[in-house]
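The residues making up each chain are set out below.
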Amino acid sequence: MIAWHGSPVLFDRFDAGKIGTQTDGGSQGYGMYVTDCRDIACSYAAPSWWHVRKGYVYEVEAPDGEYIDNSKFLDHQPEPVRAILHAAIEQLAGPMSGYWRFVIGSAPENAAYHSQIGVILSFSRKNGTPAEPVLAAAGYVGCINKMDDRGHEFAVFDPDRLRIRSVTPHEQRMVA
């Protein structure tokens with residue numbers, strides 16, 4: 001699958017060590033984020049919230065395979081995903097675990113901000129028991145989220161499975 005990645009940083013390969021250095025590691029799952037819409041990638045290449053005007057748009061080959069649909073609630077996921085994520089919820093421990101379980105349970109009400117699946121994945125990472133490696137071992141490439149009518153965003157669990165085809169400089173156009 002051909003996809004796009006936008007970044008204010010120029011690089012020659014995707015690096016798992018950079019995941020989570022700019023954000024909390026992503027709202028749709030731990031991994032490298034790509035999209036099937038070049039315009040969406042451009043918005044990340046020179047994001048206004050970083051006050052960056054120049055960046056790069058990467059055309060990449062993203063892996064084909066099974067992606068978890070973040071628009072579906074936990075109870076509507078395929079059985080292997082449900083079992084893995086229920087196990088991840090059961091592993092939540094520590095002083096935040098009660099709050100995390102509450103947020104996971106109320107996530108459908110806040111789906112416009114984070115998906116229920118994204119919340120589970122985020123809290124399992126914060127707990128030190130990330131679910132993404134278990135999901136990858138079960139054959140899932142990553143997560144998919146419909147961004148808007150323009151396209152989808154994909155979190156690919158294993159950055160080594162992304163191959164850069166080309167890089168184009170991108171400059172944010174200032175509106176007068």
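Nothing here was measured: the structure is a model prediction, and the numbers come from that model.

Draft legend 1. Region of the structure containing the overall build of the protein. In terms of regular secondary structure, the protein is built from five helices and seven strands. Expressed as a percentage of its 176 residues, the buried residues of the protein come to 44%. In the protein, the proportion of contacts linking residues at least 24 apart, taken out of those at least 6 apart, comes to 73%. Roughly 9,600 Å² of accessible area belongs to the protein as shown, and the carbon and sulfur atoms make up 53% of that amount.

Draft legend 2. Representation of helix α3 (residues 97–106) within the structure. Residues Ser97, Trp100, Val103, Ile104 and Ser106 constitute the buried set of α3. On its buried side, α3 packs onto α2 (79–91) and α4 (116–126).

Draft legend 3. Representation of a nonpolar patch on the surface. Taken together, Met96, Tyr99 and Phe102 make up a surface patch of nonpolar side chains, about 350 Å² in accessible area. For Phe102, the position within the fold is in helix α3.

Draft legend 4. Broad picture of the side chain of Gln116. Here Gln116 shows up in helix α4. Gln116 sits in the buried class, given a relative accessible area of 10%. Of the polar contacts made by the side chain of Gln116, one reaches the backbone nitrogen of Leu74; its length is 2.9 Å.

Draft legend 5. Region of interest: the pairing of strand β5 (residues 140–148). Where strand β4 (residues 66–69) meets β5, four bridges bridge the pair, whose relative direction is parallel. Bridge pairing in β5 places Ile68 opposite Cys143. Linking two consecutive strands that pair antiparallel, namely β5 and strand β6 (residues 151–156), is a turn of two residues.

Draft legend 6. Main features of the confidence of the model for the protein. Averaged over every residue, the pLDDT of the protein is 85; the share at 70 or more is 85%. Here β5 stands out as the least confident element of the protein, with mean pLDDT 86; α2 is the most confident, with 96.

Draft legend 7. Quick peek at the packing of aromatic side chains. By the definition in use, this model includes five aromatic pairs. With centroids separated by 5.2 Å and ring planes inclined at 65°, the aromatic side chains of Phe11 and Phe14 adopt a geometry described as edge-to-face. The class of Phe14 is buried, set by a relative accessible area of 3%. Their ring planes at 55° and their centres at 6.5 Å tell us that Phe14 and Tyr58 sit as a pair that is tilted. Of this pair, Phe14 sits in the loop between β1 (2–7) and β2 (32–35) while Tyr58 sits in strand β3 (residues 54–61); the two residues are 44 residues apart in sequence, bridging distant segments of the chain. The class of Tyr58 is buried, set by a relative accessible area of 0%. Members of the aromatic cluster, each reached through a chain of ring pairs, are Phe11, Phe14 and Tyr58.

Draft legend 8. Summary view of α2. The end-to-end C-alpha separation of α2 is 18 Å, in line with the 18 Å expected for 13 residues at 1.5 Å each. All of the buried residues along α2 are Val81, Ile84, Leu85, Ala88 and Ile89. Burial along α2 is one-sided: seen end-on, the buried residues are contained in an arc of 140°. Residues of α2 that are buried in the fold lie against β4, α3, α4, α5 (132–137) and β5.

Draft legend 9. Structural context of the nonpolar core. In terms of nonpolar packing, the biggest core is built from 24 residues, with Ile68, Leu85, Ile104, Leu121, Phe123 and Leu135 touching the most fellow members. Core analysis: the next-biggest nonpolar cluster, separate from the first, contains 15 residues, Tyr58, Val141, Phe154 and Ile164 among them.

Rules and cut-offs
Residues numbered from 1 in each chain as written. Predicted model: local features only at pLDDT ≥ 70, side-chain atom pairs only at ≥ 80, totals over all residues. Heavy atoms only, no water. Helix = DSSP H or I, 4+ residues; strand = E, 2+ residues; numbered from the N terminus. Buried < 20%, exposed > 50% of the residue type's maximum accessible area, 1.4 Å probe, protein only. Contact = heavy atoms within 4.5 Å. Areas by Shrake-Rupley, 256 points an atom, 1.4 Å probe, with all protein chains shown as cover. Patch = residues over 30% accessible without salt bridge, like charges linked within 9 Å, V, L, I, M, F, W, Y side chains within 5 Å. Salt bridge = Lys/Arg side-chain N within 4 Å of Asp/Glu carboxyl O. Polar contact = N/O pair within 3.5 Å; in protein donor to acceptor, adjacent residues only side chain to side chain. Pairing = 2+ DSSP bridges. pLDDT = per-residue confidence, 0-100. Phe/Tyr/Trp six-rings, centres within 6.5 Å; stacked < 30°, edge-to-face > 60°. Expected span 1.5 Å × (residues − 1). Arc of directions from axis to C-beta. Core = buried A, V, L, I, M, F, W, Y, C linked by side-chain atoms within 4.5 Å.

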